[in-house]
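Take a look at the letters that make up each chain.
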Amino acid sequence: MSYQTDRSRRGFLKMASLIAGGSLVAPALMAESLLHTKAPTDVDIETLTEWRISGAHWGAFRAKVVANRLVEVEPFEFDRYPTRILDAVPGIIYSPARVRYPLVRLDWYKHRHNSDTSQRGDNRFIRVSWDEALDLIYESLERIQTQFGPWALHTGNVGWRSVGQVHSCGNHMLRAIAMHGNSVGTAGDYSTGAGQVIMPYILGSTEVYSQGTSWDIILEESDVIVIWGSDLVKNLQVGWNTETHEAYGYLEQLKEKVADGEIRVICIDPVKSMTANYLNAEHLYVNPMTDLAVMMGIAHTLWKEDLYDKEFLETYTLGFNEFLPYLKGETEDMVEKTPEWAAEISGVPANTIRELARTMAQNRTQLMIGWALQRQQHGEQPYWMAAIVAAMLGQIGLPGGGISYSHHYSSVGVSSSGASMPGAFPLNLDFGREPKYKSTDYKGYSNFIPVSRVVDALLEPGKEINYNGNKIKLAPYKMAIFSGANQWHRQQDRNKMKRAYRNLETVVAVDYAWTATCRFADIVLPACTPYERNDLDVYGTYSNRGIIAMHKLIDPLYYSKSDFDIWREFSKRLNREKEYTQNRNEMQWIEKIYMDCYNENYPKGFYMPSFREFWERGYVLFPEGKPWVRHADFREDPEVNALGTPSGFIEIYSRTIASYGYEDCKGHPIWMEKAERSHGGPKSDRYPLWLQSAHPDNRLHSQGCEATKMRESYAIAGREPVFISPIDAEKRGIKHGDLVRVFNDRGQLLAGANVNNNFPEGVVRIFEGAWYSPLDETIGSIDTYGDPNTLTMDVGTSSLSQAPSANTCLVEIEKFVGVAPAPTGFHGPTVVDIDGNETVEV
Ligand SMILES: Nc1nc2c(c(=O)[nH]1)N[C@H]1C(S)=C(S)[C@@H](COP(=O)(O)OP(=O)(O)OC[C@H]3O[C@@H](n4cnc5c(=O)[nH]c(N)nc54)[C@H](O)[C@@H]3O)O[C@H]1N2
Ligand SMILES: Nc1nc2c(c(=O)[nH]1)N[C@H]1C(S)=C(S)[C@@H](COP(=O)(O)OP(=O)(O)OC[C@H]3O[C@@H](n4cnc5c(=O)[nH]c(N)nc54)[C@H](O)[C@@H]3O)O[C@H]1N2
Ligand SMILES: [Mo]
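Calculation criteria
Residues numbered from 1 in each chain as written. Chains lettered and ligands numbered in written order. Predicted model: local features only at pLDDT ≥ 70, side-chain atom pairs only at ≥ 80, totals over all residues. Heavy atoms only, no water. Helix = DSSP H or I, 4+ residues; strand = E, 2+ residues; numbered from the N terminus. Contact = heavy atoms within 4.5 Å. Pairing = 2+ DSSP bridges. Axes fitted to C-alpha atoms, helices over the stretch in contact; angles between N-to-C directions. UniProt positions renumbered as here; feature names shortened; annotations may be inferred. Phe/Tyr/Trp six-rings, centres within 6.5 Å; stacked < 30°, edge-to-face > 60°. Lys NZ or Arg CZ within 6 Å of the ring centre and 35° of its normal. Near = heavy atom within 4 Å. Polar contact = N/O pair within 3.5 Å; in protein donor to acceptor, adjacent residues only side chain to side chain. Areas by Shrake-Rupley, 256 points an atom, 1.4 Å probe, with all protein chains shown as cover.

Considerations on the side chain of Arg143
Phase 1 of the analysis: Its place among the elements puts Arg143 in helix α5 (residues 130–148).
Phase 2 of the analysis: If sequence neighbours within four positions are ignored, Arg143 has contacts with His113, Phe148 and Glu505.

Some points on the sheet that holds strand β21 (residues 546–550)
Phase 1 of the analysis: Strand order in the open sheet made by the three strands is β20-β21-β22, with antiparallel pairing throughout. Pairing within the sheet leaves two strands with one partner each, and these edge strands are β20 (535–539) and β22 (619–621). On average, each strand axis in the sheet is inclined to that of its neighbour by 20°, with strand direction left out of account.
Phase 2 of the analysis: Note that β21 and β22 share three bridges and pair antiparallel. Paired with Ile548 across the bridge in β22 is Tyr619.
Phase 3 of the analysis: Here helix α24 (residues 586–601) sits on the sheet and contacts β20, β21 and β22; the angle it forms with β20, its principal contact strand, is near 35°.

Some points on the UniProt feature "domain: Molybdopterin dinucleotide-binding" (unreviewed entry) in the protein
Phase 1 of the analysis: In the numbering adopted here, UniProt assigns the feature "domain: Molybdopterin dinucleotide-binding" (unreviewed entry) to residues 689–809.
Phase 2 of the analysis: Each end of residues 689–809 is marked by a C-alpha atom, and these two atoms are 8 Å apart; helix forms 11% of the span and strand 20%.

Topic: the packing of aromatic side chains
Phase 1 of the analysis: What the rule picks out here adds up to 47 aromatic pairs.
Phase 2 of the analysis: Aromatic rings pair up to connect Trp160, Tyr209, Trp240, Trp371, Tyr409 and Tyr542 into one cluster.
Phase 3 of the analysis: The side chain of Arg69 reaches across the aromatic face of Tyr94, ending 4.0 Å from its centre.

Concerning the site of ligand 1
Phase 1 of the analysis: In the neighbourhood of ligand 1, 31 residues make up the surrounding shell, with Trp160, Ser162, Asn486, Asp511 and Ser702 lying closest.
Phase 2 of the analysis: Contact distances for ligand 1 include 3.1 Å between an oxygen atom and a side-chain N or O atom of Arg375.
Phase 3 of the analysis: Between ligand 1 and Gln492 there is a distance of 3.1 Å, counted from a nitrogen atom to a side-chain nitrogen or oxygen.
Phase 4 of the analysis: Secondary structure elements with two or more residues in the shell around ligand 1: α19 (487–490) and β18 (506–511).

So, the site of ligand 2
Phase 1 of the analysis: Near ligand 2 there are 34 residues, and of these Lys234, Asn235, Asp269, Asp291 and Arg375 occur at the shortest range.
Phase 2 of the analysis: A distance of 3.2 Å is found between a nitrogen atom of ligand 2 and a backbone nitrogen or oxygen belonging to Ile268.
Phase 3 of the analysis: His408 is positioned with one of its side-chain polar atoms (N or O) 3.5 Å from an oxygen atom of ligand 2.
Phase 4 of the analysis: Considering ligand 2 on its own, with 930 Å² of exposed area, one finds that the protein chains cover 100% of that surface.

See below:
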């Protein structure tokens with residue numbers, strides 16, 4: 001540090017002597033030296049250095065900022081298990097893919113809503129001013145509302161926008177748009193689309209977004225933990241709010257207990273996960289998408305060997321007798337669901353299934369189910385069946401027993417402090433007046449679309465689909481706005497999207513990173529990163545551990561603005577700026593939200609410092625709450641504490657679901673073959689490898705893929721890795737480090753082979769979130785970096801929840817020969833003038 005200070009001082013002295021010499025000083029040098037003479041302290045690094053605190057989905061951190069530049073990031077001292085993802089922060093801020101100024105797609109700029117939409121994705125954009133960009137959006141919205149109506153506008157936002165309660169960008173976009181007029185929204189999410197719809201019928205709540213039994217109790221009471229399709233070590237790195245990573249302390253203890261033989265952990269997964277490796281757990285390889293069969297085999301054993309808890313079934317559940325005939329093979333298919341039957345499908349030996357059933361019944365067993373097995377065709381079925389197995393075991397509501405669908409997420413299982421957490425900037429229409437365009441006439445179309453069906457709506461306008469007992473008529477919207485969601489990462493099947501997007505007149509994207517969603521938009525607005533604005537966030541999504549200040553680390557780079565400022569500027573076009581901001585600026589909002597929380601907590605005995613003190617110190621921490629057992633209250637008194645199901649009991653058979661008459665989700669779980677399935681299933685003769693797109697170890701979805709150094713640390717041959725078993729690699733003449741082509745009928749991509757012993761034959765993985773980098777805008781062109789959604793299938797899980805089925809996907813892989821195109825995704829747009837000539841700009 002002192003060396004640098006010396007150096008700049010020396011520089012200053014040299015300049016001064018040049019001036020003194022009086023001769024031949026270049027004008028530029030002269031100007032600079034004068035500057036230095038005026039204010040020598042401006043270059044004093046010590047006065048320009050500051051440590052500030054901020055938060056992210058992947059944890060709180062302190063940042064060293066020197067002269068408005070982030071130079072170092074250190075985990076917050078409370079975080080004992082910080083993640084490596086933190087290292088991506090500088091690379092996110094200083095990425096070559098930053099959106100620098102407002103941009104409009106060339107042909108859209110020339111022809112507006114009549115543009116040639118097949119050019120969308122050619123990445124040619126014209127730079128415009130903020131005013132022009134916002135005017136263009138405003139005019140487009142006017143056209144939509146006056147010529148069509150609210151059915152023609154789609155607002156997409158339920159994505160992993162940055163943390164921060166004031167700037168939550170989806171809220172800002174929705175609030176501003178709602179002042180103008182109504183639109184078509186979405187239902188559900190990509191994470192748990194099937195789980196969150198089915199589970200309220202079975203256990204009375206979504207279960208996926210619920211606090212779970214405390215780890216303290218699990219470590220004390222459980223004999224066996226079955227981790228089913230879940231990778232806690234990998235997935236607990238991030239949380240919906242600023243993550244504390246406290247769950248890792250418990251995983252550390254669990255590891256010891258496994259080593260001491262006190263707790264048995266059994267992982268059931270087609271891949272040997274990071275969790276299985278870390279805990280040194282027992283591992284059962286299961287064929288992908290066949291968990292339901294294994295669960296049936298377990299249920300069959302419990303019934304056949306009389307190991308199931310009849311009293312529990314009688315007291316707490318309904319419908320076992322409607323389900324049993326299916327298990328016994330007395331219904332339509334006439335197939336008894338024996339462990340042998342299950343073994344044939346799942347690849348798990350029949351005796352192993354029997355042993356597992358006995359182990360589960362004879363020990364206090366905690367089931368932990370992940371989310372990937374509902375992110376596949378018929379994803380509702382294993383979720384429902386797992387609850388039936390848990391009910392037959394009769395341990396639901398007991399300490400260390402029963403079932404959880406959330407322990408891999410956001411530190412569920414770390415008990416909650418009980419304190420209130422800061423609220424968010426309001427997205428509601430609380431401004432007392434109606435929108436400029438009041439029409440709610442959707443012309444018979446539904447005013448929402450199950451989120452992953454938004455592409456179908458463009459390709460099959462007006463199609464009626466089933467959804468959770470209702471009929472949804474898909475609105476063929478003409479304009480779409482995305483903020484805080486990377487649509488061209490999260491949605492399945494890129495080439496289908498390319499086709500569908502041609503039917504869109506206008507697409508707006510608001511982001512700080514030039515993602516494929518920006519590339520395939522018409523108007524792009526540069527948001528600043530969360531590190532370029534002030535905010536505050538909840539510390540610990542479910543633990544309510546405290547509150548984190550998010551100090552602005554540096555000024556917004558280039559011409560970017562905070563989402564608050566972007567939509568505030570927009571609201572001026574409606575003359576409603578004051579209503580939009582409620583007359584508060586950024587810091588006033590932060591203080592208001594903090595003080596509202598302060599006032600809520602005070603009577604509860606949770607005392608918080610004054611706002612000023614909080615802001616200076618950077619955080620508030622609350623003590624850990626009391627350990628807690630999920631469903632214990634229901635077990636204690638099922639009448640008083642009835643579940644939220646139609647009957648109040650656990651529904652093994654659901655009359656309500658049966659009454660919908662769906663072929664692909666009946667009154668109880670059943671085995672259904674998938675559209676494509678490896679290990680001998682449909683289409684496996686042509687595409688023998690199952691591609692799963694698990695959540696990335698080194699990123700949060702697509703966030704951080706643009707951070708060059710971080711990406712280079714895991715990329716192979718300059719591409720996203722594809723994990724492949726040694727057997728499959730050898731068969732194809734592929735070596736670790738090779739560039740490969742992964743393909744199926746839906747698409748093709750380049751990836752780098754990671755030959756890896758954790759993967760069995762027939763199973764490959766590309767982490768979701770790899771940036772889509774098409775060679776060009778044409779349908780079918782190769783993805784040069786490796787987004788798995790170039791290959792995945794875009795079908796709903798079932799008529800019940802219409803959720804994404806990303807994990808139902810087969811591919812083939814070959815070694816790539818020839819000259820490989822460079823990745824196209826990470827360099828921002830090609831900025832052109834109106835004639836299409838490339839321009840060079842800062
Ligand atoms: N194949 C496959 N696909 C999947 C999945 C899978 O398992 N397999 N998983 C699915 C799941 S579970 C999920 S949750 C989704 C995730 O999908 P997304 O939520 O779309 O994923 P992110 O990459 O987090 O996208 C967030 C975007 O918001 C931007 N952003 C961040 N902060 C701000 C901000 O302050 N302002 C603005 N304007 N923008 C901001 C980021 O730069 C990024 O582009 O993906 C789904 N897609
Ligand atoms: N580091 C990191 N953590 C994250 C995220 C991230 O992007 N990065 N995203 C967060 C979000 S939004 C979400 S939704 C959650 C996702 O949480 P999950 O959906 O649970 O996570 P995945 O990583 O997709 O898969 C977890 C495990 O399921 C296994 N699996 C896949 N298919 C099957 C199957 O058919 N049967 C069985 N038995 N196992 C299967 C995979 O091999 C993997 O080990 O993660 C959260 N945590
Ligand atoms: Mo998710």
